[in-house]
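Chain and residue survey
Here is how the chains run, residue by residue.
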Amino acid sequence: MATSCPTASNFSTRCDPMKPAPPVTRIRILPEVQPPRTRSARRKFVNFAPCSVFPCRPRVLRGKPMKKLVALNVVAFAVGLVAALWFRLWPELTRPKYVAPAFRVPSPLDLASLPTAVRFDFPLGSENGAMSYNAQRFTENRHLGDDLNGIGGEDSDLGDPIYAVADGRVLLARDGGPGWGNVVIVLHAYLENGGRKYVQSFYGHVETMLVQAGDEVRRGQQIATVGTADGRYPAHLHFEMREFVTPFVGPGYRENTRGWLDPTAFIKAHRGAPEDDVGRALPAGSSAFPDDAN
Ligand SMILES: [Zn+2]
């Protein structure tokens, strides 16, 4: 009888000669892994066999995994689309609902509905500017307008009427900030060389404003009175003509005059026939002065 004890020479107390020897384990030789023959079996095989056994190819997904992948792609696309839209629309969505008048751009409808001005008059004194003088001309000391004064000088023109230079619509009528006092801006449309153009008249340092933003005004209509910018200057009208359509107050002085026009030159060039004068009621004593253009 075979025992688990090797020989008598290496007999050990742990070895029980009466116990049968354990059976010899047979080593099973696995057959070489071969790719299955049928296509469907091969597809399954590829998913589990290592690349060293079978050349790796992209997994062909069918059924549930394919649906999962499609769903994932759809979700990723949707998330990307929403993110792109959000990024694109963010400035619009976060835009403040209230826009200060200084930054409000007239709509095409606003511009189209503007009355067309047929001629322009001076804003102070007589229509042709005779009853006022220009204390500081356009571009003098980088001035962006004309400083119009009553012929009496000093504060003699305080409270004198300021007239709209032409038909138009009030864009802004409010306190213009430090150094300005009240400011009125009127937008005008006029025809030149067959085209419709826009120009705005700007009235600074005014005392009393008689119009509001949005009002339509007629040429020669009183819109304000001459002021001192809250006592900062001798009474005068800071008058600008500009090519802008937006109602911004501006600096008053600047080296670069692009966008600003010479007010006196512009009005003289767009005066129209003298018989179309509306005939302003001039301040007392004005009849002593010749009513000619200065
Ligand atoms: Zn000025």
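Preceding block: the structure.
We now turn to the structure provided with this report. (Residues numbered from 1 in each chain as written. Predicted model: local features only at pLDDT ≥ 70, side-chain atom pairs only at ≥ 80, totals over all residues. Heavy atoms only, no water.)

Binding of the zinc ion to the protein goes through His143 (NE2), Asp147 (OD) and His238 (ND1), at separations of 2.0 to 2.2 Å. Site description for the zinc ion: donor spacing in sequence, H-x3-D-x90-H. Residue class for histidine 143 comes out buried when judged on its relative accessible area of 0%. (Donors = N, O, S within 2.8 Å, 3.2 Å for Na, K, Ca; no water. Buried < 20%, exposed > 50% of the residue type's maximum accessible area, 1.4 Å probe, protein only.)

All told, the structure shown has 8 salt bridges when counted by the stated rule. Between arginine 271 and aspartate 121 there is a salt bridge, and its shortest N-O distance comes to 2.5 Å. One end of the pair, arginine 271, is in the segment after helix H4 (263-269); the other, aspartate 121, is in the loop between strand E1 (116-117) and strand E2 (132-136), with 150 residues separating them in the sequence. Side by side, arginine 271 and aspartate 121 carry an identical accessibility label, which is buried. With a closest N to O distance of 3.5 Å, arginine 218 and aspartate 167 form a salt bridge. Residue arginine 218 is located in the loop between strand E8 (216-217) and strand E9 (222-225), and its partner aspartate 167 is located in the loop between strand E4 (161-163) and strand E5 (168-175); the two are separated by 51 residues in the primary sequence. (Salt bridge = Lys/Arg side-chain N within 4 Å of Asp/Glu carboxyl O. Helix = DSSP H or I, 4+ residues; strand = E, 2+ residues; numbered from the N terminus.)

Now for a nonpolar patch on the surface. Taken together, Phe77, Leu81, Leu85, Trp86, Leu89, Trp90 and Leu93 make up a surface patch of nonpolar side chains, about 760 Å² in accessible area. Structurally, tryptophan 90 can be placed in helix H2 (residues 64-93). (Patch = residues over 30% accessible without salt bridge, like charges linked within 9 Å, V, L, I, M, F, W, Y side chains within 5 Å. Areas by Shrake-Rupley, 256 points an atom, 1.4 Å probe, with all protein chains shown as cover.)

Once that is clear, we can look at the packing of aromatic side chains. Following the criterion strictly, the structure yields 9 aromatic pairs and no others. Measuring from centroid to centroid gives 5.1 Å for tryptophan 180 and phenylalanine 202, while their planes differ by 70 degrees, and the two rings are edge-to-face. Taken together, the residues tryptophan 180 in the loop between E5 and strand E6 (182-192) and phenylalanine 202 in strand E7 (residues 195-206) connect sequence positions 22 residues apart. Here the two residues tryptophan 180 and phenylalanine 202 agree in accessibility, since each one is buried. (Phe/Tyr/Trp six-rings, centres within 6.5 Å; stacked < 30°, edge-to-face > 60°.)

Attention now moves to the pairing of strand E3 (residues 146-150). For E3, a buried count of 5 out of 5 residues is recorded, marking the element as mostly surrounded by other parts of the structure. The alternating pattern of E3 places Asp146, Leu148 and Gly150 and Asp147 and Asn149 on opposite faces, both of which are buried. Taken together, the 4 bridges between E2 and E3 define a ladder with antiparallel strand orientation. Across the sheet, residue tyrosine 133 finds its bridge partner in E3, namely asparagine 149. Sheet topology places E3 next to strand E10 (residues 237-242); 3 bridges connect them, and they run antiparallel. By the bridge assignment, leucine 148 is partnered in E10 with leucine 237. (Pairing = 2+ DSSP bridges.)

So, on to the nonpolar core. One finds Phe120, Ile162, Tyr203 and Ile223 to be the most contacted residues of the largest nonpolar core, which totals 28 residues. The set of elements that each furnish at least two residues to this core consists of E6, E7, E9, E10 and H4. When neighbours within four sequence positions are excluded, isoleucine 162 is seen to be in contact with Pro123, Leu124, Tyr203, Val206, Gln221, Gln222, Ile223, Ala224, Thr225, Val226 and Leu237. Counting 11 residues, the second largest nonpolar core, distinct from the first, contains Leu171, Leu172, Val183 and Ile185. (Core = buried A, V, L, I, M, F, W, Y, C linked by side-chain atoms within 4.5 Å. Contact = heavy atoms within 4.5 Å.)

For asparagine 141, which is not a glycine, the phi torsion comes out positive at approximately 55 degrees. Relative to the elements of secondary structure, asparagine 141 occurs in the loop between E2 and E3.

Moving on, we get to H2. Between its first and last C-alpha, H2 extends 40 Å over 30 residues, near the 44 Å set by a 1.5 Å rise per residue. The largest bend along H2 reaches roughly 35 degrees and is located at phenylalanine 87, with the proline proline 91 sitting one to four residues downstream. (Expected span 1.5 Å × (residues − 1). Bend = angle between axes of the 7 residues up to and from the residue.)

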